Structures are given as C-alpha cells and as structure tokens.
Amino acid sequence: MALRALAPLSESDVDELAAGRLVIRDNAFGEDLARRSREVLLGWREQGRLDAAGVGRGGKIARIRSDLTAWVQPDDPELTEVFVLFEGLRQGLTRDLRLSLQRFAVQAACYEQGAAYGPHFDAFRGDHSRRVTAIWYLNPNWRPEWGGQLRAHLPEGPVDVLPRLDRLVIFLSEQVKHEVLPALAPRFAMTSWYRGAEPLPLLPDPRFG
Ligand code: OGA
Ligand code: NI
C-alpha cells in the first residue's frame, strides 16, 4: 500500500509555529494505518511492553505524568510504515522550517482511565535537543466527554484539542507549554520529537592543555 506524503507546511503554518502556536492536520497518515497502529499498541499493553513514563532524568513521578509509554524502534516490524512517515515529516519540517532536524525518536503512549500529564514543555529554552514535537492520535470516535484533550497554552490563552483518530499536532518543543487533561477512556498516541545535531563533545583546548 502506498504511503501518503504529508502536504508541505504553508507559509502561514510556518508563521503559526514560529509564533508559538499549533499546526493541526486531520487525515494525516491515513485512518487505516492509525487503526492498525492502535491495535499494535493494544497488543503491547496486553504484553506488558508499556511502562510508567519517566519525567526528566529517570524520575517516575505519577503526580505529573501517569501514562504508560514505550520507545518505538525504527526496525520494529509492526510499525515500519509509521516510522517511514515520521521520517518523511522530518524531511518536510527541515525543508519548510529551515531547521536542521537530524534525528528523531518516537514514543508510544497510553493514558488509561484517569491518566493525565501536567503542564510542561518538551524542551527547555537553550537546550537545543528537542526542537519540534509531532503527536499523532489513534482514537476512533473519541467523545468530548471522555476528556483527554491536549491543552496547549498559546500566547492568547489555552486551546484544547481532542485526540482524534489520525490527527497530527505539530509545535515547537521549546515554545508551547502543554498538558493532557485526565482521560476517561484509553487514549493512544505516538509522539515524535525532532532534534538537531548531536552537540560536539567538549575537547580540551590545546592552548591550555
Ligand atoms: C508528551 C505530551 C501530549 C499528548 O508526551 O510530552 O505532552 O497529547 N503528550 O499526548
Ligand atoms: Ni509534552
């Protein structure tokens, strides 16, 4: 099956991102792939492959974040197509945002009944690791009364986004504070964080060696 390519970001999308807002694409990677990916994650949950998420360096702070996560490996046979699409997005973002996004990592997350993630940034200013966040939602027929909205704190105030099947949300990791409101039904998503080049190691300065 041919993979669909995501339409390039328009100039106004680029302006929105730069201003600390969201770009939201529905029908992003294909509903069929989104449904199949959800099935894969349901299987992982059954097999105990999802763990309590860590916050920061190694901490497991349920108060901040109570979802279950797993890193997706590029060679995972069940999710190869998803990886190819996130790689295509990396190339598109590099081109359209004129950012050097050389690497990315993909995390699968499941919010069970009542799980939430308090307000946070995905990267800290000046720490040039994570530059762009892209979240792809995997929840057919999500109902507003189930909660689980992504709440993004934009310059003009908060906006809530429902985690609908095959919806992709993109924002600059250092700029948009966001949170996940408590979900009343299992809520699945895959998040890709795009990063710049690995910083060069600090070598001793030969003049002072
Ligand atoms: C995250 C995150 C938001 C979402 O994983 O850092 O903020 O809507 N996820 O799943
Ligand atoms: Ni986040």
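Before reading on, note that the structure itself is shown above.
Here is what the cut-offs are and how they apply
Within each chain, residues carry numbers counting from 1 in the order of the written sequence. Here chains are named by letter from A upward and ligands by number from 1 upward, in the order in which they appear as written. Totals for whole chains, interfaces and linings use all residues, but because this is a predicted model, local features are given only for residues with pLDDT of at least 70 and pairs of side-chain atoms are given and counted only at 80 or more. Excluded from the side-chain calculation are hydrogens and water; included are all heavy atoms of the structure. For two strands to count as paired, DSSP must find a minimum of two bridges between them. In this text, helices come from DSSP runs of H or I with a minimum length of four residues, and strands from runs of E with a minimum of two, each type numbered from the N-terminal end. The criterion used for residue contact is that any of the two residues' heavy atoms lie within 4.5 Å. Note on definitions: angles span 0 to 180 degrees between N-to-C directions of axes, and those axes are lines fitted to C-alpha atoms, for helices only across the stretch in contact. Roughly parallel refers to an angle under 35 degrees, roughly antiparallel to one over 145, roughly perpendicular to one between 65 and 115, and oblique to any angle outside these ranges. Here is the rule for handedness: rotate from the far helix to the near one, and if that takes an anticlockwise turn smaller than a right angle the crossing is left-handed, while a clockwise turn gives right-handed. Polar here means any residue other than Ala, Val, Leu, Ile, Met, Phe, Trp, Tyr, Cys and Pro, which are nonpolar, and Asp, Glu, Lys and Arg, which are charged; Gly is therefore polar. Partly exposed residues are those whose accessible area sits between 20% and 50% of the maximum for their type, while under 20% is buried and over 50% is exposed, using a 1.4 Å probe and protein chains only.

**Describing the sheet that holds strand S2 (residues 51-52)**
(1) Moving on: Strand order in this open sheet of seven strands is S1-S9-S6-S11-S4-S3-S2, and the pairing throughout is antiparallel. A strand with exactly one partner marks an edge of an open sheet, and here the two such strands are strand S1 (23-25) and S2.
(2) Moving on: When strand S3 (residues 68-72) meets strand S4 (residues 103-111), the two strands line up antiparallel, connected through five bridges. Across the sheet, residue Val72 finds its bridge partner in S4, namely Val106.
(3) Moving on: This element, helix H1 (residues 11-18), spans S1 and strand S9 (168-172) of the sheet and lies at about 55° to S9.

**Some details on the packing of helix H2 (residues 31-46) against helix H3 (residues 80-97)**
(1) Moving on: The geometry of H2 relative to H3 is characterised by a closest axis approach of 10 Å and an angle of 125° between their N-to-C directions. It follows that H2 is oblique to H3 by the angle criterion. Crossing angle aside, the handedness with which H2 passes H3 is left-handed. From H2, Leu33, Arg36 and Ser37 reach across to H3, where they touch Glu81, Val82 and Leu85.
(2) Moving on: Grouping the amino acids of the contact of H2 with H3 by side-chain chemistry returns three nonpolar, one polar and two charged.

**What about the side chain of Thr69?**
(1) Moving on: Tracing the sequence through the fold places Thr69 in strand S3.
(2) Moving on: Using a relative accessible area of 8% as the deciding quantity, one classes Thr69 as buried.
(3) Moving on: The residues contacting Thr69, other than those within four sequence positions of it, are Arg49, Leu50, Asp51, Ala53, Gln107, Ala108 and Ala109.

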